[in-house]
Amino acid sequence: MSHALARIQDRIAVAEARAGRQAGSVTLVAVSKTQPWEHIAPVLEAGQKVYGENRVQEAMERWGPRREGLELRLIGPLQTNKAREAVDFFDVIETLDREKLARVLAEEIQRVGKAPRLYVQVNIGEEVQKAGVAPSEADAFLAACRESYSLTIEGLMCIPPVGADPAPYFASLRAIAARNGVEKLSMGMSDDFEIAIAEGATSVRVGSALFGDRHYG
Ligand SMILES: *Cc1c(COP(=O)(O)O)cnc(C)c1O
């Protein structure tokens, strides 16, 4: 049994109840990027099925041999030359953030004959170092994804600026989703997932609070 997993699940349940939301309405995405296998194994054994990874190659190496029954989400930047593998391998791609990628994903979805669920990443704090479409361009980008490329957009994803109160950023992502008829919100990480749940997150991406600090190679 993974005590860390049980603790995070409890905290999610408390946050759901506090926000007056239904129990189980928030999906925990366990962010396993860069973690050694001995940190992941107990969480997997305890029944966690949904994992987030930042890199296509790393995800395929780690999860390829034990892919069955899991939901894998790409939460890191996607280069167009990796789009084919990503469409083939992931259940969800959360980092659609530019028109060229929308075009290539649409081509690959057509070719492979299956579509991952797609989230558009919004650069909610308009930070130069962060990926994502600008909030002011989100409506037009979503329209282009739907109309020009026939993509179904399931949700929006964001990473608020470090060190700022994240609540207004989460609220602003929720507003963009609402006015565009987008259902899901991927927001909240180890330090702020309870706030994200209060602001309407439908999935939270939790890494270090679940697995311990990351080990960068
Ligand atoms: C690494 C990462 C996370 C997890 O971050 P923690 O603070 O360790 O929970 C969540 N989302 C994205 C996009 C990440 O890159």
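Would you explain the site of the ligand in this entry?
In the neighbourhood of the ligand, 13 residues make up the surrounding shell, with Lys33, Ser190, Gly207, Ser208 and Arg214 lying closest. Take glycine 207: an N or O atom from its main chain is 2.8 Å from an oxygen atom of the ligand. Serine 208 is positioned such that a nitrogen or oxygen atom in its backbone is 2.8 Å from an oxygen atom of the ligand. Protein contacts shield 91% of the accessible area of the ligand, which totals 390 Å² for the unbound molecule. The cavity that encloses the ligand is the largest pocket. Looking at the shell around the ligand residue by residue, the classes come out as six nonpolar, four polar and three charged.

Quick question: what am I supposed to make of the nonpolar core here?
If you look at soluble globular proteins, the nonpolar side chains tend to sit buried side by side. Membership of the largest hydrophobic core comes to 60 residues, with the highest contact counts inside it found for Leu96, Leu151, Leu156 and Leu210. Counting residues per element, this core draws most heavily on helix α5 (residues 99-112), at six residues. In this structure leucine 151 touches Leu96, Ala102, Ala106, Ile109, Leu118, Cys145 and Arg146, once residues within four positions along its chain are discounted. In terms of nonpolar packing, the next biggest core, distinct from the first, is built from five residues, Val31, Val92, Tyr119 and Met157 among them.

What is the right way to look at the pattern of salt bridges in this model?
Between side chains of opposite charge, a pair can form as their charged atoms come close. The final tally for this structure, using the stated rule, is 14 salt bridges. Taking the shortest distance from any N to any O, the salt bridge between arginine 84 and glutamate 108 comes out at 2.9 Å. With arginine 84 in helix α4 (residues 83-89) and glutamate 108 in helix α5, this residue pair connects regions lying 24 residues apart in the sequence. Its relative accessible area of 8% is what places glutamate 108 among the buried residues. Linked by salt bridges that have partners in common, Glu71, Arg73, Glu94, Arg117 and Glu154 make up one network.

What should I look at first to understand the layout of surface pockets in this one?
Summary: where empty space remains is shown by rolling a probe the size of a single water molecule over the atoms. Of the voids in this model, the largest pocket is the one considered here, and its volume is about 950 Å³. In terms of lining, the largest pocket is formed by 38 residues, of which the most central are Lys33, Asn54, Ile159, Met189 and Arg214. Elements supplying a minimum of two residues to the lining of the largest pocket: α3 (56-63) and β8 (203-206). When residues in the lining of the largest pocket are grouped by element, the largest group, three residues, is from α3. Of the residues in the lining of the largest pocket, the class split is 17 nonpolar, twelve polar and nine charged.

I would appreciate a short explanation of helix α2 (residues 37-45) in the present structure.
For an α-helix the count is 3.6 residues per turn, leaving residues at separations of three or four pointing the same way. Buried residues of α2: Ile40, Ala41 and Val43, and no others. Next to the buried residues of α2 lie α1 (3-18), β2 (50-53), α3 and α9 (208-211).

Explanation requested: unusual backbone geometry in the structure shown.
Glycine aside, residues mostly have negative phi, and peptide bonds are mostly found in the trans state. If you check the backbone angles, threonine 34 has positive phi at about 60° while not being a glycine. With respect to the secondary-structure elements, threonine 34 resides in the loop between β1 (27-31) and α2. Even without being glycine, glutamate 126 reaches a positive phi, approximately 50°. Along the chain, glutamate 126 falls in the loop between β5 (117-121) and α6 (138-147).

Reading the values: the criteria
- Just so you know, the residues in each chain are numbered from 1, in the order the chain's sequence is written.
- With the structure being a predicted model, the display of local features is reserved for residues of pLDDT at least 70 and the display and counting of side-chain atom pairs for 80 or more, all residues being used for whole-chain, interface and lining totals.
- Note: side-chain values were computed over all heavy atoms of the structure, leaving out hydrogens and water.
- For each residue, the test is whether any non-hydrogen atom lies within 4 Å of the molecule or strand; if one does, the residue is near.
- For the purposes of these results, a polar contact is taken to be a pair of N or O atoms within 3.5 Å, where, inside protein, one atom must be able to donate a hydrogen and its partner to accept one; residues adjacent in sequence count only when each atom of the pair is a side-chain atom.
- All accessible-area figures derive from a Shrake-Rupley calculation using a 1.4 Å probe, and residue coverage is judged against the displayed protein chains alone.
- Here a cavity denotes grid points, spaced 1 Å and computed from the protein atoms alone, that fit a 1.4 Å probe unable to get out, and a pocket denotes an open set having protein on both sides within 12 Å along at least 5 of 7 lines; residues with an atom within 4 Å of a point are the lining.
- A molecule is said to be in a cavity or pocket once over half of its atoms fall within 2 Å of that pocket's grid points.
- Just so you know the grouping, Ala, Val, Leu, Ile, Met, Phe, Trp, Tyr, Cys and Pro go in nonpolar, Asp, Glu, Lys and Arg go in charged, and all remaining residues, Gly too, go in polar.
- Working definition of a nonpolar core: buried Ala, Val, Leu, Ile, Met, Phe, Trp, Tyr and Cys residues. They are joined through side-chain atoms within 4.5 Å.
- Burial classification: accessible surface area is computed with a 1.4 Å probe over protein chains only, and a residue below 20% of its type maximum counts as buried, one above 50% as exposed, and the rest as partly exposed.
- Strands here are runs of E lasting at least two residues and helices are runs of H or I lasting at least four, both read from the DSSP assignment and numbered beginning at the N terminus.
- Contact between two residues is taken to exist if any of their heavy atoms lie within 4.5 Å; hydrogens are not considered.
- Each reported salt bridge corresponds to a side-chain nitrogen of Lys or Arg within 4 Å of a carboxyl oxygen of Asp or Glu.
- Grid points are joined across faces, edges and corners, and a volume is the space filled by probe spheres set on the points.

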